[in-house]
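Architecture and fold: a report
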Amino acid sequence: EVQLVESGGGLVQPGGSLKLSCAASGFTLSGSGISWVRQSSGKGLEWVGRIRNKANSYATAYAASVTGRFTLSRDDSQNTAYLQMNSLKTEDTAIYYCSSYNYASGSFHYWGQGTLVTVSS
Amino acid sequence: DIVMTQSPLSLPVTPGEPASISCRSSQSLLHSNGNTYLNWYLQKPGQSPQVLIYLGSNRASGVPDRFSGSGSGTDFRLKISRVEAEDVGVYYCMQGLQTPFTFGQGTRLEIK
């Protein structure tokens with residue numbers, strides 16, 4: 001069964017850091033791009049950033065709201081991607097989803113179940 | 001950034017009746033490679049989003065054929081030929097032409 005499983009969410013104080021993981025099973029992550037998408041309570045979907053695959057030089061891109069604070073990385077040998085979040089703000093509170101990008105279809109093909117990040121004092 | 005605008009934002013539908021959602025982008029989603037990078041996603045209550053339509057008009061694997069996507073350039077539409085109870089949720093269009101990728105506000109489909 002194909003799965004993406006996020007972990008690492010939790011409660012953190014403003015200004016703190018958190019590192020999310022996205023582990024793939026049932027398929028090889030190395031051929032895919034990975035995006036992170038977040039959703040605040042009762043709100044819509046917001047793209048956070050993406051990291052391309054090795055063939056595309058692992059290039060990264062970020063939403064303006066997280067540039068300079070969030071960093072994407074991946075370890076294809078572990079079939080896992082990561083989102084390092086620093087200088088967290090209350091407005092970063094959301095469910096964070098990872099998704100695999102299929103280059104042929106140009107779409108987010110697989111999605112994880114999401115992990116909740118709460119930034120609060 | 002490319003702005004995605006959906007309408008309506010709320011869509012009450014009687015089972016068996018058709019439904020349609022419009023999505024407009026602030027600039028053309030046609031890439032130089034000939035592909036149009038417009039996707040439709042459905043987020044059912046309590047679930048993660050799932051892809052319905054990719055590259056404007058292609059149904060993703062396992063998506064019922066009552067769902068269809070159309071459009072080009074900046075104007076797109078998702079149609080459901082006969083709504084079923086399991087179609088309840090929030091529908092999002094998303095442009096994948098350039099980063100930052102952007103979503104529409106979402107259209108909440110509910111059963112009358």
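Residues numbered from 1 in each chain as written. Chains lettered and ligands numbered in written order. Predicted model: local features only at pLDDT ≥ 70, side-chain atom pairs only at ≥ 80, totals over all residues. Heavy atoms only, no water.

**Quick look at the environment of A:Gly16**
Residue and element names in this part refer to chain A. By the secondary structure assignment, Gly-16 is in the loop between strand E2 (10-12) and strand E3 (18-25). By relative accessible area, which is 18% here, Gly-16 ends up buried. Setting aside anything within four residues of it in sequence, one finds Gly-16 in contact with Met-85, Asn-86, Ser-87 and Leu-88. (Helix = DSSP H or I, 4+ residues; strand = E, 2+ residues; numbered from the N terminus. Buried < 20%, exposed > 50% of the residue type's maximum accessible area, 1.4 Å probe, protein only. Contact = heavy atoms within 4.5 Å.)

**Some details on the side chain of B:Gln95**
All names here are of chain B. Inspection of the secondary structure puts Gln-95 in strand E9 (residues 89-95). Among the polar contacts made by the side chain of Gln-95, one reaches the main-chain carbonyl oxygen of Gln-98 at a distance of 3.1 Å. From its side chain, Gln-95 meets the backbone oxygen of Pro-100 in a polar contact 3.0 Å long. (Polar contact = N/O pair within 3.5 Å; in protein donor to acceptor, adjacent residues only side chain to side chain.)

**A closer look at the sheet that holds strand E1 (residues 4-7) of chain B**
All names here are of chain B. Reading across the sheet, the four strands line up as E1-E3-E8-E7 and stay open at both edges, with antiparallel pairing between neighbours. This sheet does not close on itself; its edge strands, each paired only once, are E1 and strand E7 (67-72). Strand-to-strand twist in this sheet, taken as the mean axis angle between neighbours without regard to direction, amounts to 20°. Where strand E3 (residues 19-25) meets strand E8 (residues 75-80), six bridges bridge the pair, whose relative direction is antiparallel. Counted as the bridge partner of Ala-19 is Ile-80 from E8. (Pairing = 2+ DSSP bridges. Axes fitted to C-alpha atoms, helices over the stretch in contact; angles between N-to-C directions.)

**Side note on the packing of aromatic side chains**
Considering all chains together, one arrives at 13 aromatic pairs over all chains under this definition. Taking 6.0 Å as the distance between ring centres and 70° as the angle between the ring planes, the aromatic pair formed by A:Tyr101 and A:Phe108 counts as edge-to-face. The class of A:Tyr101 is buried, set by a relative accessible area of 12%. In this structure A:Phe108 comes out as buried when scored by relative accessible area, which is 0%. Of the aromatic side chains, those joined through ring pairs into one cluster are A:Trp47, A:Tyr97, A:Tyr101, A:Tyr103, A:Phe108, A:Trp111, B:Tyr41, B:Tyr92, B:Phe101 and B:Phe103. The ring centre of A:Tyr82 lies 4.7 Å from the NZ or CZ of A:Lys19, which sits over that ring. (Phe/Tyr/Trp six-rings, centres within 6.5 Å; stacked < 30°, edge-to-face > 60°. Lys NZ or Arg CZ within 6 Å of the ring centre and 35° of its normal.)

**As for the pairing of E7(B)**
Sheet faces and side chains relate simply in a regular strand, where the side chains alternate between the two faces. Residues and elements named next belong to chain B. Relative to E8, E7 is paired through six bridges, and the arrangement is antiparallel. Bridged to Ser-72 within E8 is Asp-75. A loop of two residues connects E7 with E8, the two strands running antiparallel in sequence, and Gly-73 in this loop sits at a positive phi of about 65°.

**Focus: the pattern of salt bridges**
Residue and element names in this part refer to chain A. Across all of its chains, the model carries eight salt bridges over all chains by this definition. Its salt-bridge partner being Arg-38, residue Asp-92 comes within 2.9 Å of it at the nearest N-O pair. Separated by 54 residues along the polypeptide, Asp-92 in the loop between strand E8 (80-85) and strand E9 (94-102) and Arg-38 in strand E4 (residues 33-39) bring together distant segments of the chain. On the basis of relative accessible area, Arg-38 is assigned to the buried category, the value being 5%. Salt bridges here are not isolated pairs; linked through shared partners, they connect Arg-38, Glu-46, Arg-69 and Asp-92. (Salt bridge = Lys/Arg side-chain N within 4 Å of Asp/Glu carboxyl O.)

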